[in-house]
Structure formats: structure tokens, C-alpha cells
Protein chains: 2
Amino acid sequence: MTMVGQERVRNVLFIMCDQLRWDYLSCYGHRVLDTPNIDGLAKRGVRFDAAYVQSACCVPSRMSYYTGRYVSSHGATWNYVPLSVVQNTLGDFLKGAGLEAMLAGKTHVIPDKLGLQRFGLDADSSLGRHYLQGGFSELDRYDGHSSPGSESGYADYLRAQGYDSPDPWTDYAIGALDDNGQAVSGWLLRNAHFPARVDRRHSETAYMTDRALEYIRAKGDQPWVLHLSYIKPHWPLMAPKPYHDMYRDADTGPIISPAAETTAPHPVLQAYRQAHEDCISYGKEDVVRHVRPTYMGLIKEVDDHIGRLMTELEALGRLDDTLIVFCSDHGDQLGDHGLGEKELFYEQAVRVPLIVVDPRKSADATRGTAESRFVESVDVLPTMLEALGLPLSDHLLEGRSLRPILQGEQVDDWRDCVFSELDYAFRDARVLLNRKPDECYAWMVRDSRWKYIHYQGFRPQLFDMRDDPQEIRDLGEDPQYEEVRRCMKDRLADWLMERKRRTTIDNATVERTTEGWKNLGFMKIGVW
Amino acid sequence: MTMVGQERVRNVLFIMCDQLRWDYLSCYGHRVLDTPNIDGLAKRGVRFDAAYVQSACCVPSRMSYYTGRYVSSHGATWNYVPLSVVQNTLGDFLKGAGLEAMLAGKTHVIPDKLGLQRFGLDADSSLGRHYLQGGFSELDRYDGHSSPGSESGYADYLRAQGYDSPDPWTDYAIGALDDNGQAVSGWLLRNAHFPARVDRRHSETAYMTDRALEYIRAKGDQPWVLHLSYIKPHWPLMAPKPYHDMYRDADTGPIISPAAETTAPHPVLQAYRQAHEDCISYGKEDVVRHVRPTYMGLIKEVDDHIGRLMTELEALGRLDDTLIVFCSDHGDQLGDHGLGEKELFYEQAVRVPLIVVDPRKSADATRGTAESRFVESVDVLPTMLEALGLPLSDHLLEGRSLRPILQGEQVDDWRDCVFSELDYAFRDARVLLNRKPDECYAWMVRDSRWKYIHYQGFRPQLFDMRDDPQEIRDLGEDPQYEEVRRCMKDRLADWLMERKRRTTIDNATVERTTEGWKNLGFMKIGVW
């Protein structure tokens, strides 16, 4: 039985990469990288060319994917901030329909232990675990920042493959031997050119793909929703053979230099460049040229495993009844603008690849097309829920299902701008700028022409994305653009007003209970 | 032992009236009403002459008092909206210090039963009750909208006093006999001039004052925090003898007529006037002249009981160690602007009386003074907590402790404007205006000169509070004031940005964990 042409899909495969920059795939125009398997997804579905994340930082961005809510609404504003146990996630929405959100890989959900304590709920209870895990059931959870803990089988797996170590991740997966045979760490950028000691068949990406395939096979014709969440091409930047030097001699592309900027750098940008070691390192061309090939190799590796996945899905007949989402939590500066890593609001950080394959006949017309309208990561959850035939809780969800676009319907009121947020309170930039923890928020509004960035306590930034797509001319103080800035701030204000703050009662109940006192019979308010 | 001159107060008496308009007390300048006991509070403390509520509606306003957070932050936007179980209230903050927030009267907390179910917590468990009751321990809870339920002893009390009825509240407390001896209801405004059948010694106000006094006496020298929350002068508008006709022949003051308005009414205002029965009734001068005397009588009754309270507190020695707050949840239009009841943003609705008596020697200099700076209801909770010597959770609390003002300190950065919010989704106005439940928010920004009101989907309103204190000239569309409106909307935008959204981690932890990965030892981000 297949679901093609049916109203609902049966399964969802929600693939996320970590820190995969939008333009580092061949289907998005990369001139060196060849990613035929991800390109294959784009051929089967829709490639979104203007997809933005709600924050260019793991936790806030992921929590927006998982809740369908903007960062200001879910509150997990940065990587150390727990997701409140009251936030409804993919897993909560599925739970109501008897489904579960299965995880293989990374979520970066920071457990809200205080939230759980508040209700006297044991962290080891099934309900407690559900909320601490952000609503996911964990096939194998591995956030990839440290040696795999008990929630992942990766360390045991490596040992079983013969990697004899109490910490095979450190020693093999992100460990290498230098030219003198000395053990060196993938934590240090200088070692990025060495091959990891792990065999490609046993890498983090390979392992997690194996887990996903086992799960899909085992489910057979039972419906499933799987979040396959790769920790690559995120650091530590070390790839197994042959990926480690596949692009060593390749063109690693241009670097957008801060020297090209026409005005003094914005204070927050400047603080990032001064205070953060990643920016200091990536501010050097040598470093950038040294690490980009590894980053590319790690992407190539992901692509190869997407190929394995697709081959197996096809063999199992799952391509016919499975909605596939391929995305990233944010991009990577890779030295552009004198920055490393992510955060802030350059296209390198906030723009991501997003490909959606809808197996239904109703989506046939859009297969292989590229979509230029703005979409946001909050759209992914409503898209998945609607495809599964589940109701959309419109008092909570702030994104829009992409179904009309996927099915080629005319939509007259699609969004014409996107928003992203930043909280740099946990960064040294805050200390350098002498800001309090509550004074470090910033917002981006980007439409087809302008990118406006509002900072608390500092001047705004403004870029003309048509005439200056590289974002090197900051018009944030140019008197000529005062009206543009005003209009963009106004859009930001309107957007802030539209946030969904009434979360304890749904909209249908609001409609049903409008002037509800009249139905009580006895109550008479203001009646003569 | 007394606490005078000590650093902390021992007790807090947090008195709230319901729907008490700011100018209906003699200390606030009412020309007919004589409220010597409330005036006496003002003589002992500070009378705040520019105190505003965060919403002119019971639930959202009260939840702001109880959480110290604006309506957009606590989310209980209207009277039917549950307060999320994760919102920290007075009771939660006290709980951490081994104290409890005791309630005598009304809170209007709508229990978040779904929130509790989410954590598998039994509504009958002690923790479950704590959250469903908004963190209060209930000496006697009585919201005053219907016959007292099991959480109040009032019905039993009335029966014990000889009011023989299955529903003595309906039959006696808000019931009267008309001129023909027929039973009539206080629900109907037309009956407002009849005396309630309850004796003044047994009225709702008398009963709840008795409960408070019993509690205070029983506590002796033990510290306590008591929320004595009167349901009067809120409807049903029926007062016992002699209050029912004390002001029957008095001057009931001017009525600000919509006829005086210089522009067509704002669409939302117009919808209120057209769709809501209270506005239709109060739009008639006869009705207003008929009910105002009863409203005044009910206030006089409250004042008499405040007198009893004060006499007893003095006798018990509690005036020396008790912080007293006297306030209201919102005002009452009483026919002004062609409106009944509350909501929207006229001074009649959003401005309230607020008197704070700080017993400490450090507050001696301000006793009997009037304070003209802007204060908001979110300031009350931090004021109480600080007086008790408790820490202020600055990642949650959005108000400021009034202590510096009470103690006559110079404050250079006090707020220069106030904010209030409205959600009219549950009102017939929404239906008349054909709005969806999520499109009915409005915000007020009021500074010393201007009151700006922003509505979703409609033009704004603007009043010049200096030249037009009666708010009859709506400058919301006047081209001459475009720049003023722009500035005020900008302030609203900045305020929206400042909302405290990062609630799962406190600011001290943010400071402590800034760049916390560096302390992990093994982790090296962006290090060459």
C-alpha cells in the first residue's frame, strides 16, 4: 500500500544537518562540492532558495523547528537555555495522535529540570523524560559536543568495532595521528587536515544513518516520524578518509573580508571579532583555507549517507509514503565578514538549505522546482503535522504549512519578509560591551530588498540586499536611509505584536466562549 | 517586638478592591464620597497619583499584580484565560522562603487544568491545588461572580446567620425586595437602588474582613502575607442598608459624553458601544445616575471595613511591622465615554488608586505625601518581596520595587511612561468587527503628555493628556500628530523588545556561565 495521491503521508523523515551553510551544496550552486544525493532530494521535491532560521544558533533555532514558534515565544534564546516544559514540541503534537517523534542524533534540547521539579515530576519517569527530551523518544541521542553519554550507543559501538579506548570518540572519531604518529585532536583547527582515526564506515554520520535505517526497516508498514539529526558538518572539524583531503587542493572560494566594509564595524560585530576566539581564528585567511576543505569533506560524507538512505527507502517502498524534509539548524561564517561559526545575521549564518519532498500526487507539479518565496524554520513543523493529517494548533504555531507551495496552489498572502533573533548574553561580547544579561537581544527583519537589524542599546544595521548582496555596506547610520530603517523597525514592531502569547486556551475555545457568560443563564452584566 | 526601622517588614497586607475607579475616594479628590479610613492609609503612607494597571480587565490585571509581569509575558490576556502553571506568582516567591500567600477573597485565577494534566499532576494534590490557585493558600476564596462555591464559607455563614436559603447569596446578598415586596435581583441595574436583604454586618465585604481579622489575630507574632481581596464595588450593584441610599440624592458628578468627541469614534470603541449590553445601558444618563449612588455606597462600605481593620491592626500592634498595599484591579467607566464597565484605555478604566504604607522608619519622610511619578501594577509584587527581604528574580519580574520612592531616595532613571494591554477576542466586538481570535490585541503607551493606543488592524488613537485630559479629541488620524504617533509607537516597540522571554534560567546563572564552555576543559571552539 502506498499513500501516493492520498490525503496524508504515512511517515515523516525529518533530516537536519548541523551548521550546514545554504550555499555548500551543488544544488544550491556550490562550484566545487558535488552532492548528488541531496540534489536528488531537490529533484524529487521543492528546493527552497530563501529559507531562514529563527536564530543562527543551535538551541534557539532547533527549538523553533521543534515548536513551530519564534525564539521570543519559546524562550530558549541561546545554547544554555532550557526549553520550558510547557512548550509543545513535535513529540507533543504527535502524542495526541498516538504517534511518537523518534530521534536519531542531535536535538540540543537543554532539559528544563527546574521546570520538572516545579511539578514534582521525576526526571526518570516516562513523562519526565518526555519533557526533558523535548518530546522526543530517543533511538539514539547524540549531541556531538563531547564524548557520547549513556543516551547514545556510539561509544560502545566503536569499541565493538575494535576501537579500544575508554573514550573512542575523542581518540578515534575526532582524533588523528599527525605526521609523526602522535595523537592529535580534532578540537584544534590546525589538525583539520588529518584523517580521523575512525573508518568512514564507523563515523558519527555513518553510525547515525545505520540507526535510522534499522529503525525504518523495523517499522515496516507501521507509520513513523523520524528525526535524523546529523551533528555534521559542525565542529570538531575532522573527517575520516577519504573525506579529509577530498577537497584539500580544491578552490575553497572567495572570502568576504571585513576590509571591504565601507563603514566602521557595528559595536556588537566588533565585539564578536575582538572577544571570540573562533572569530579571531577565522579572521585569518590561512585558517579559513585550512578548514574549509574539511568542512566540505564532512558535507560530502553526509551526502553519501543520504544516498544510502534513499536507496534503502526506495527498496522498502518508503519513498511513496514518506514526507522528507532536509534542512540545517543554521549556517557557518567560515571566515566571511571576519567571523567564525554562527550567530548574528549575515546570510552565511541565517540562511539554510531546505528541501521538502512531498510524495503525494498533489505535489507532482512542483517536483524539481526551486521556490524563491521566503520561508522560515517555523514552517517545518506545521508542514509535517499537516502532511500527517494532524490538526494545527493555531494558538501556538507561528509558522505556516508549506503545503500550498508544495502543491503549487496560488497563495495571495504569503509572507514577504523573515525574522531572526539573537541573544548574546552568554558571550564574551556582552562582557566587552558591558551589557547586562537582559540587554543583549537583537532582531533581523529581511525582505526582498532590505535587511534591517535592531540591537538593544546600539545603532541598527541596514543592508541593501539587492545592490549589496555581500552585506559590506552597512547603511545603519546613513541619513539617506532613515525612512527605510523606520519602515523596517515598524515591521519588527508589528511582528512583535503578533506573537502568540495566549497559549493556555485554543482559538476554537475562544470562538466558542465569546461572551460565554450569556450562556450561564444567571449572569447578567450591565443589563438594565 | 516591632520592625520599625528594621530592614524588613514582617507582614504584608495586600488589599485589593475590584473595579474601584481611581477618583472615587476622597483622598483622590472625590467631591461627595467621604472615605476617611482609606484616606487614613494615605496619611500613613504614600498615595500614588499616577498608578496604572497592565490591563483594564480583572484577570489580566490581577495576574500582572500576582506575577509582577506584563500581560504579554504572563499570557492570561482576558477573563477566561488560565494562568499558565509555569508562571511564578507571589505564592511561589514566598514558598521559597517558607512563607505562604494567604487569600481572603477574590483572585480570579483561571485554573490551568490542561497545564496540570500535562504533568500528570492531580488537581487535588497539594501541589496541584497550589498551581490551580495561582500560588495562593485559600483562607476563603470567593470571586463574587456567582453563588459562593465550596472554596468559600460565605453561603454556610449566611445560613448560620439565619438567611434560610439554598442560595443565600442570590436571595439575600444580591437580592432585594421591591416596593411591592417582590424579590428582585441585584444582577439587574434597575434594582440598584434597593437595599440588599443582607444585613451590613453580614455582607460580602463584612464577611471577608472578618475572615482577614481572624487570620491576623490567629497569626499573632508569626509573620504572614495576606491578600484581602474585596469583590466590591464590582457588580452585582446592590448594597445593604444604609449604603444603598446614602448617596441616592447626592451629586453623582459629570458624565463625559461621546457627543463631545470631535471625531468619528474609533472602530473598536464603536463596536464596544454597539455590541456590548453594559455599554448600551451605561450609554443612558438615567442608568448612570441610577447606579452611581450604589457604586458609591459600596465604596463607602469598603471604607468602613478598612476602618475596622486599621483599628484592630493598631490594637494588635501590627501597624508597626506590616506593609500595607491598597489598590484596585482596574477602574469603572460608569457611563463616561458612553461605556460601561472596563477594558479599553480611558483613564477611568486603566488608572487606579494605589496607596502603600511602609511601616519602616526609613519611610518616615514620605508619610502622607502624594507621588506623581508613573507606577504600574507590576511594581507591587517586587515592592512586597523586597520589603520582606526576599530576592527579586530579575529574569521574571518586570516591575520595579517602589522602595526607593517610599523611602524618598533620589532615582534618576524612573520610568516616564506606562503600558497597558487589551485582548478583546472574547467580546462581541470581535464578532462585529469580523476579527479572528488572534487579531484583537491593543496596547496603550501613556507618558506625561500623550496617550497612544495601538490596535491590530485599525488606526491608532492619540490623546493629548495635557490639553485634553478628558480624552475627547482623538488625534489618531490627525496628520499634524504623525510624528508624535511615530515616537509613541517606537516606544511601544522598544517595550515589546524588553519583555522577559528567557524565563528558564536566571540572570545570575547567565553571568556565571558566560562562555562557560571554556571551563569544561576539553572543549575548544574555534581554537587554532
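Throughout, residues of each chain are indexed from 1 in the direction in which the sequence is written. The lettering of chains begins at A and the numbering of ligands begins at 1, in the order of writing. The predicted nature of this model means local features are confined to residues of pLDDT at least 70 and side-chain atom pairs, given and counted, to a pLDDT of 80 or more, with totals for whole chains, interfaces and linings taken over all residues. Note that water and hydrogens are dropped before the side-chain values are worked out from all heavy atoms of the structure.

(A) Region of the structure containing the sheet that holds strand β15 (residues 461–464) of chain B. Residue and element names in this part refer to chain B. With respect to topology, 4 strands assemble into an open sheet ordered β12-β13-β14-β15, the strand pairing being antiparallel. Looking at the sheet topology across the chains shown, the edges are occupied by β12 (417–423) and β15. Averaged over all neighbouring strand pairs, the angle between strand axes comes to 10°, with direction disregarded. As defined by bridge partners, strand β14 (residues 450–455) adjoins β15 across 4 bridges and the pair is classed as antiparallel. From the neighbouring strand, Ile453 faces β15, where its bridge partner is Gln461. Each pair of strands is called paired provided DSSP finds at least two bridges between the two strands. Helix and strand definitions here come from DSSP, where helices need a minimum of 4 consecutive H or I residues and strands a minimum of 2 consecutive E residues; each element is numbered from the N-terminal end. Axis geometry follows a simple rule: fit a line to the C-alpha atoms, using only the stretch in contact for helices, then measure angles between N-to-C directions, giving values from 0 to 180 degrees.

(B) Highlighting the packing of helix α9 (residues 204–219) of chain B against helix α12 (residues 285–316) of chain B. Residue and element names in this part refer to chain B. It is the contact of α9 with α12, at a shortest axis distance of 10 Å, that shows an interaxial angle of 10°. Between α9 and α12, the angle is such that the two are roughly parallel. The two elements α9 and α12 cross, and the hand of that crossing is right-handed. Together, Thr205, Ala206, Thr209, Asp210, Leu213, Ile216 and Arg217 of α9 and Glu301, Val302, His305, Arg308, Leu309, Glu312, Leu313 and Leu316 of α12 make up the contact between the two elements. Three classes are used, and their members are as follows: Ala, Val, Leu, Ile, Met, Phe, Trp, Tyr, Cys and Pro are nonpolar, Asp, Glu, Lys and Arg are charged, and the others, Gly among them, are polar. Residues that form the contact of α9 with α12 fall into these classes: 7 nonpolar, 3 polar and 5 charged. Angle categories are assigned with fixed cut-offs, so that under 35 degrees is roughly parallel, over 145 is roughly antiparallel, 65 to 115 is roughly perpendicular, and the rest are oblique. Handedness of each helix crossing follows the sense of rotation of the near helix against the far helix: counterclockwise by less than a right angle gives left-handed, clockwise gives right-handed. In what follows, residue pairs with any heavy atoms lying within 4.5 Å of each other are defined as contacts.

(C) Focus on the pattern of salt bridges. Residue and element names in this part refer to chain A. Only one rule defines a salt bridge in this text: a Lys or Arg side-chain nitrogen within 4 Å of an Asp or Glu carboxyl oxygen. All chains considered together, the criterion is met by 116 salt bridges over all chains. A salt bridge links Arg449 to Asp464, with the shortest nitrogen-to-oxygen separation between them at 2.8 Å. With Arg449 in the loop between β13 (441–447) and β14 (450–455) and Asp464 in strand β15 (residues 461–464), this pair connects stretches of sequence that are 15 residues apart. A 1.4 Å probe rolled over the protein chains alone gives each residue an accessible area, and that area as a share of the maximum for its type sets the label: buried under 20%, exposed over 50%, partly exposed in between. Overall, Arg449 belongs to the partly exposed group, its relative accessible area being 24%. Arg486 is the salt-bridge partner of Glu483, the closest N and O atoms lying 3.3 Å from each other. With a gap of 3 residues between them, Glu483 and Arg486 both fall in helix α17 (residues 482–497), about one helical turn apart. Accessibility expressed as a relative area gives 42% for Glu483, which makes it partly exposed. For Arg486, a relative accessible area of 28% puts it in the partly exposed group.

(D) Spotlight on the interface of chain B and chain A. Counting residues at the interface gives 79 residues for chain B and 79 residues for chain A. The term buried area denotes the loss of accessible surface (1.4 Å probe radius) that occurs when two parts are joined, taken as the sum for both partners. With both sides pooled, the region where chain B packs onto chain A buries about 7400 Å², and carbon together with sulfur makes up 57% of that total. Of all residues in chain B, Arg118(B), Arg501(B) and Trp528(B) give up the largest surface area on contact with chain A, accounting jointly for 13% of the area buried on that side. Two N or O atoms count as a polar contact when they lie within 3.5 Å, although within protein this holds only if one can serve as hydrogen donor and the other as acceptor, and sequence-adjacent residues are included solely when both atoms are side-chain atoms. Seen at the junction of chain B and chain A, the total is 50 residue pairs in polar contact (both at pLDDT 80 or more). Those elements that place two or more of their residues in the side of chain B that touches chain A are α6 (126–132), α11 (277–282), α12, α16 (428–433), β13 (441–447), α17 (482–497) and α18 (507–513) of chain B. In terms of residue class, the side of chain B that touches chain A is made up of 32 nonpolar, 21 polar and 26 charged.

(E) Examining the pairing of strand β2 (residues 46–52) of chain A more closely. All names here are of chain A. Most of β2 is tucked away: 5 of the 7 residues are buried. Examined bridge by bridge, β2 and strand β9 (residues 351–357) share 5 bridges and lie antiparallel to one another. In the strand pairing of β9, Ala51 is matched with Val352. Relative to strand β10 (residues 369–371), β2 runs parallel, the two being bridged by 3 bridges. When the sheet's bridge partners are listed, Val46 is paired in β10 with Thr369. Relative to strand β11 (residues 375–376), β2 runs parallel, the two sharing 2 bridges. Looking across to β11, one finds that Ala51 is bridged to Val375.

(F) View of the pairing of strand β7 (residues 225–229) of chain A. All names here are of chain A. The buried count for β7 comes to 5 of 5 residues, which makes it a mostly enclosed element. Residue alternation in β7 divides its side chains into two sets, Val225, His227 and Ser229 and Leu226 and Leu228, and both sets are buried. Across 5 bridges, the pairing between strand β1 (residues 11–17) and β7 is parallel. The residue bridging Val12 from the neighbouring strand is Val225, located in β7. Summarising the sheet, strand β3 (residues 101–105) and β7 pair through 5 bridges and their orientation is parallel. What sits directly across from Ala101, in β7, is Val225.

(G) Looking closely at helix α2 (residues 58–67) of chain B. Residues and elements named next belong to chain B. Where burial is concerned, most of α2 is hidden: 10 out of the 10 residues are buried. Of the positions making up α2, those classed as buried are Cys58, Val59, Pro60, Ser61, Arg62, Met63, Ser64, Tyr65, Tyr66 and Thr67. Remark: Gly68 follows α2 within two positions and exhibits a positive phi of approximately 70°.

(H) Structural detail: the relation of the copies chain B and chain A. Here the copies are superposed with least squares, the fitted atoms being C-alpha atoms of residues at a pLDDT of at least 70 in both. Aligned on chain A, chain B shows an RMSD of 0.0 Å; the corresponding rotation is 180° and the shift along the axis is 0.0 Å. Put plainly, the chains are arranged around a two-fold axis. No C-alpha of chain B approaches the rotation axis more nearly than that of Ala493(B), which lies at 2.4 Å. Both copies present the same face, since 100% of the interface residues in chain B are matched by interface residues at the equivalent positions in chain A.

(I) Fine view of the sheet that holds strand β12 (residues 417–423) of chain A. Residues and elements named next belong to chain A. Read from one edge to the other, the open sheet built from 4 strands follows the order β12-β13-β14-β15, with strand pairing classed as antiparallel. Each of the sheet's edge strands pairs with one partner strand only, and the pair in question is β12 and β15. Adjacent strand axes in the sheet meet at a mean angle of 10°, parallel and antiparallel pairs treated alike. Here β13 runs beside β14; their pairing, made up of 5 bridges, is antiparallel. For Arg446, the partnering residue across the bridge sits in β14 and is Lys451. Sitting on the sheet, α17 touches β12, β13, β14 and β15, and the angle it makes with β13 is about 110°.

(J) Structural view of the confidence of the model for chain A. Confidence scores here are pLDDT values: one per residue, from the predictor, ranging 0 to 100. Looking at chain A, the pLDDT average stands at 96 and 99% of residues meet or exceed 70. Every residue in residues 1–5 of chain A is under pLDDT 50, and counting partners more than four places away or in other chains gives 15 contacts.

(K) Representation of the environment of Lys43(B). Residue and element names in this part refer to chain B. Here Lys43 shows up in helix α1 (residues 36–44). On the accessibility criterion, Lys43 (62% relative accessible area) is exposed. Between the C-alpha atoms of Lys43 and Cys27, which are 16 residues apart in sequence, the distance is 9.1 Å. Setting aside residues no more than four positions away along its own chain, Lys43 makes contact with Arg367 and Gly368.

(L) Examining the environment of Val527(B) more closely. Summarising the element assignment, Val527(B) is placed in the segment after α18. What makes Val527(B) buried here is its relative accessible area of 17%. Residues within four places of Val527(B) in sequence aside, it is in contact with Trp187(A), Leu188(A), Leu189(A), Glu277(A) and Ser281(A).

(M) Highlighting the side chain of Arg499(A). Within the fold, Arg499(A) resides in the loop between α17 and α18 (507–513). When residues no more than four places from it in sequence are discounted, the contact partners of Arg499(A) are Tyr70(A), Ser73(A) and Glu398(A).

(N) Structural context of the packing of aromatic side chains. Pairing of aromatic rings covers Phe, Tyr and the six-membered ring of Trp, with a centre-to-centre limit of 6.5 Å; geometry is then stacked below 30 degrees between planes, edge-to-face above 60, and tilted otherwise. Within the structure shown, the criterion is met by 49 aromatic pairs over all chains. The interplanar angle of 80° and the centroid separation of 4.9 Å between the aromatic rings of Tyr70(A) and Trp495(A) together place this pair among those described as edge-to-face. Taken together, the residues Tyr70(A) in the loop between α2 (58–67) and α3 (71–74) and Trp495(A) in helix α17 connect sequence positions 425 residues apart. Using a relative accessible area of 5% as the deciding quantity, one classes Tyr70(A) as buried. Summarising the aromatic geometry, the rings of Trp78(A) and Tyr80(A) are spaced 4.8 Å apart at their centres and angled 75° between planes, so their arrangement reads as edge-to-face. When its relative accessible area of 24% is taken as the criterion, Tyr80(A) is described as partly exposed. Cluster of aromatic residues (ring-pair linked, three or more members): Tyr142(A), Tyr154(A), Tyr157(A), Trp169(A), Trp187(A), Tyr207(A), Trp235(A) and Phe522(B). Definition used: whenever NZ (Lys) or CZ (Arg) falls within 6 Å of the ring centre and also within 35 degrees of the ring normal, the charge is taken to sit over that ring. Between Arg351(B) and the ring centre of Trp22(B), over which it is positioned, the NZ or CZ distance is 3.6 Å. In this structure, Arg501(B) is placed above the aromatic ring of Tyr441(A), and the distance from its NZ or CZ to the ring centre is 4.5 Å.

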